[in-house]
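Given next are the chains, with one letter for each unit.
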Amino acid sequence: MAEKVLLIDDEKEFVEGLAERMELRGMNVTACTNPQEALDKVDAESFDAIVLDLQMPGIDGIEALKHIKKTRPEMQVILLSGHATVEKGIEAMKLGAMDFVEKPADINVLTDKIKKAQAKKMIIVEEKTGEKVKDILSHKGW
Amino acid sequence: MGASAPQKDRDGLCFFGQISAAISHDLKNVLAIINEDAGLLQDFSLMAAQGMELDPPRLVKLAEKIQGQVKRGDGIIKNMNRFAHSVDLPVCDVNFRELTGLVISLLTRIASRKCVTVTLKEGEQVNGKGDPFTIQMLIAKALEYSMDSAGRDGELDIELSSADGVNVLTISGLSEAIPEEQLAELESISVKAGGKPAYVPQDNILIFKF
């Protein structure tokens with residue numbers, strides 16, 4: 001199944017190039033250069049992986065990550081930055097980011113992380129569905 | 001050496017670090033775009049080897065994008081070089097317009113993050129003597145605080161003029177009052193830069209006289 005990816009970065013040319021390369025590798029990519037629009041997309045639909053820039057105009061990556069983990073905790077976030085610092089990386093992981101990649105990214109490394117993100121999200125969704133089924137079965141009288 | 005000397009050095013070092021970090025971030029973005037475009041060329045070549053037809057206009061467009069990024073990177077490095085050389089002499093002839101333009105370019109990323117537009121208005125050449133590094137630090141700090149005051153989608157205009165041997169730099173477009181401690185910090189840097197600051201709350205402007 002094609003991985004559904006949301007790519008968020010304010011550098012338009014970067015987003016265009018990376019999105020095309022990801023699509024050539026069979027992924028279903030939605031690219032976004034406006035962080036607020038991207039968060040609206042997160043609220044509206046489901047993604048297997050979100051590749052998120054750490055520094056953007058208006059909303060920074062850490063703020064965006066907090067919003068995503070609060071509203072859609074099953075979605076897996078890979079932070080991408082040209083400004084990688086150990087503290088930011090640790091902060092992002094503590095807030096629930098799945099991984100942290102430094103620009104310029106190796107497409108093979110990123111692809112591998114996206115596949116892992118999809119697998120992780122599937123497990124979380126399956127667990128949630130299992131819990132729901134259990135809950136229904138325990139409350140119904142049949 | 002007094003207790004304030006190491007602190008003074010550290011302020012300058014912090015400013016140097018802040019600007020260097022912003023430059024490195026911009027250069028990383030340039031490299032990331034070149035990396036993706038070069039990667040696309042590689043992808044197309046591999047696909048062509050497997051029989052896919054190449055689209056020459058597409059290849060030309062990609063090559064132009066790479067050249068555009070090389071030009072962007074060159075501009076960033078030129079600014080970085082000018083900034084690095086600003087510590088060469090403690091006092092020298094200063095072209096205030098050129099120096100202000102450089103600071104605005106160096107703060108592009110910070111302005112973009114704060115969603116503020118900064119415009120240097122056209123005008124006469126304004127020259128004088130001073131410490132280029134400290135003057136840059138003063139303009140940068142004043143701009144940063146003015147951006148915070150202007151707020152999201154704010155527009156700051158910078159004007160430079162000269163009259164009776166006094167050079168004046170004016171930042172207009174501020175909206176909220178600048179906090180006292182920030183004004184005190186600007187005052188302190190301004191003394192080192194050989195200038196006098198003034199904040200005119202009713203007009204929402206910051207003025208520096210050199």
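Anything mentioned here points back to the structure above.
This write-up is about the structure you can find in this document. (Residues numbered from 1 in each chain as written. Chains lettered and ligands numbered in written order. Predicted model: local features only at pLDDT ≥ 70, side-chain atom pairs only at ≥ 80, totals over all residues. Heavy atoms only, no water.)

**Looking at the interface of chain A and chain B**
Phase 1: Each partner contributes to the interface: chain A provides 20 residues, whereas chain B provides 26 residues.
Phase 2: Summed over both partners, the interface of chain A with chain B comes to about 2100 Å²; 49% of that surface belongs to carbon and sulfur atoms.
Phase 3: Sorting the residues of chain A by area buried against chain B places E11, E13 and R21 of chain A first, and these three jointly supply 25% of that buried surface.
Phase 4: The tally of links from chain A across to chain B stands at 8 salt bridges.
Phase 5: Where E36 of chain B meets R21 of chain A, a salt bridge forms, and the shortest distance between an N and an O atom there is 3.1 Å.
Phase 6: Joining chain A to chain B, the criterion identifies 13 residue pairs in polar contact (both at pLDDT 80 or more).
Phase 7: By residue number, the principal contributor to the side of chain A that touches chain B is helix α1 (residues 12–24) of chain A, which donates 8 residues.
Phase 8: For the side of chain A that touches chain B, the class distribution of residues is 7 nonpolar, 5 polar and 8 charged. (Contact = heavy atoms within 4.5 Å. Buried area = accessible area lost by both parts, 1.4 Å probe. Salt bridge = Lys/Arg side-chain N within 4 Å of Asp/Glu carboxyl O. Polar contact = N/O pair within 3.5 Å; in protein donor to acceptor, adjacent residues only side chain to side chain. Helix = DSSP H or I, 4+ residues; strand = E, 2+ residues; numbered from the N terminus. Nonpolar A, V, L, I, M, F, W, Y, C, P; charged D, E, K, R; others polar.)

**Some details on the pattern of salt bridges**
All names here are of chain A.
Phase 1: Counting across every chain of the model gives 24 salt bridges over all chains.
Phase 2: Of the charged contacts, one joins K4 and E45 as a salt bridge, the two residues approaching to 2.9 Å between their closest N and O atoms. Placement of the pair is K4 in strand β1 (residues 4–8) and E45 in the loop between α2 (35–44) and β3 (49–53), with a sequence separation of 41 residues.
Phase 3: You can call K4 partly exposed: its relative accessible area is 24%.
Phase 4: Taking relative accessible area as the criterion, E45 reaches 30% and is therefore assigned partly exposed.
Phase 5: One salt bridge in this structure joins K113 and D99, with 2.9 Å as the shortest N-O distance. (Buried < 20%, exposed > 50% of the residue type's maximum accessible area, 1.4 Å probe, protein only.)

**A look at the side chain of Q136 of chain B**
Residue and element names in this part refer to chain B.
Phase 1: Inspection of the secondary structure puts Q136 in helix α5 (residues 132–150).
Phase 2: Looking at Q136, the relative accessible area reads 0%, which means it is buried.
Phase 3: Among the polar contacts listed, one links the side chain of Q136 to the side chain of S86, at a separation of 2.8 Å.
Phase 4: Not counting residues up to four positions away in its chain, the partners in contact with Q136 are F15, F83, S86, L99, L102, V103 and L106.

**Here we look at the packing of aromatic side chains**
Phase 1: Within the structure shown, the criterion is met by 6 aromatic pairs over all chains.
Phase 2: Ring geometry for F16 of chain B versus F133 of chain B: centroids 6.1 Å apart, planes at 40°, classification tilted. In this pair, F16 of chain B is assigned in helix α1 (residues 4–49) and F133 of chain B in helix α5, connecting sequence segments 117 residues apart.
Phase 3: Since its relative accessible area comes to 28%, F16 of chain B is described here as partly exposed.
Phase 4: Taken together, the ring pairs connect F15, F16, F83 and F133 of chain B into an aromatic cluster.
Phase 5: A cation over a ring is seen here: K4 of chain A above F47 of chain A, with NZ or CZ 4.9 Å from the ring centre.
Phase 6: Sitting over the face of the ring of F14 of chain A, K103 of chain A holds its NZ or CZ atom 4.7 Å from the ring centroid. (Phe/Tyr/Trp six-rings, centres within 6.5 Å; stacked < 30°, edge-to-face > 60°. Lys NZ or Arg CZ within 6 Å of the ring centre and 35° of its normal.)

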